[in-house]
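Summary of the model geometry
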Amino acid sequence: MRFHTRKWVKPEDLNPNGTLFGGRLLEWIDEEAALYTVIQLENQKVVTKYMSEIDFKSSAKQGDIVEIGIEVVKFGRTSIVLCSEVRNKMTHETIITISNIVMVNLGLDGKAKPHHKTKIEYVVDRLR
């Protein structure tokens, strides 16, 4: 799994227990999945269709740094399926795993559109 983004847990990211609010973490994962998909499918119009079971394994507290990993599970005709793991850089523990995040490629009309991608592409390869 490639870890693309790091986030610093700040006071506004905490729940009443003083740990990282799960909703904030899911927001970060959703944004990271969208950015990853936009880059892979070369289309800014993508949406999150589905997230599978969300498995919280540990937490983070103020001042911790978390990193978000995204990996492609498979390419569909109009979608890309990703998985995610978020880990705490301070404690080295996994915070959350999500097995399937389905992102859908959209056309200008806002409807699902085939993307014709079958494998991961890296920006460096597109520049050649």
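Here the residue numbers are simple positions, counted from 1 along each chain's written sequence. The model is predicted, so local features are restricted to residues of pLDDT at least 70 and side-chain atom pairs to those at 80 or more, both for listing and for counting; the totals for chains, interfaces and linings are taken over all residues. Side-chain measures here rest on the full set of heavy atoms in the structure, leaving out hydrogens and waters.

**Remarks on the packing of aromatic side chains**
Centre-to-centre distance and the angle between the planes together describe a pair of aromatic rings. Note on ring pairs: Phe, Tyr and Trp rings are taken, using the six-membered ring of Trp, and paired if centres are within 6.5 Å. Classes follow the plane angle, with under 30 degrees stacked, over 60 edge-to-face and the rest tilted. Applying the stated rule across the entire model yields zero aromatic pairs. For the cation-ring pair, Arg 87 lies above Phe 3, with the distance from its terminal atom to the ring centre recorded as 3.5 Å. Consider the ring centre and the ring normal. A charge sits over the ring if Lys NZ or Arg CZ is within 6 Å of that centre and within 35 degrees of that normal.

**Topic: a nonpolar patch on the surface**
To count toward a patch, a residue needs a relative accessible area above 30% and no salt bridge. Like charges then connect within 9 Å, nonpolar side chains (Val, Leu, Ile, Met, Phe, Trp, Tyr) within 5 Å. Under the convention used here, a 1.4 Å probe and the Shrake-Rupley method define accessible areas, while residue burial counts only the protein chains that appear. When a carboxyl oxygen of Asp or Glu is within 4 Å of a side-chain nitrogen of Lys or Arg, the pair counts as a salt bridge. There is a patch of nonpolar side chains on the surface, built from Trp 8, Ile 65 and Met 90 and spanning about 330 Å² of accessible area. Mapped onto the elements, Ile 65 comes out in strand β4 (residues 65–75). Think of it in three bands: residues with accessible area under 20% of the maximum for their type are buried, residues over 50% are exposed, and the middle band is partly exposed, with areas taken using a 1.4 Å probe on protein chains only. By relative accessible area, which is 30% here, Ile 65 ends up partly exposed. For the purposes of this entry, the term helix denotes a DSSP run of H or I that reaches at least four residues, the term strand denotes a run of E that reaches at least two, and both are numbered from the N terminus.

**Some thoughts on the pairing of strand β5 (residues 79–88)**
Most of β5 sits out of view: nine of its 10 residues are buried. Where β4 lies against β5, nine bridges are found, and the strand directions are antiparallel. In the strand pairing of β5, Lys 74 is matched with Val 81. In this antiparallel pair of consecutive strands, β4 and β5, the connection spans three residues. The criterion for strand pairing is that DSSP finds at least two bridges linking the strands in question.

**Regarding the pattern of salt bridges**
Side chains that differ in charge, positive against negative, can pair when their charged atoms come close. Under the counting rule described, the total for this entry stands at nine salt bridges. Two residues, Lys 61 and Asp 64, come together in a salt bridge whose shortest N-O distance is 3.5 Å. On the accessibility criterion, Lys 61 (47% relative accessible area) is partly exposed. The closest approach of N and O atoms between Lys 89 and Glu 67, which form a salt bridge, is 3.8 Å. In this pair, Lys 89 sits in the loop between β5 and β6 (94–105) while Glu 67 sits in strand β4, placing the two residues 22 residues apart along the sequence. With a relative accessible area of 35%, Lys 89 lands in the partly exposed category. Several salt bridges share partner residues, and in doing so they unite Arg 6, Glu 67, Arg 87 and Lys 89 into one network.

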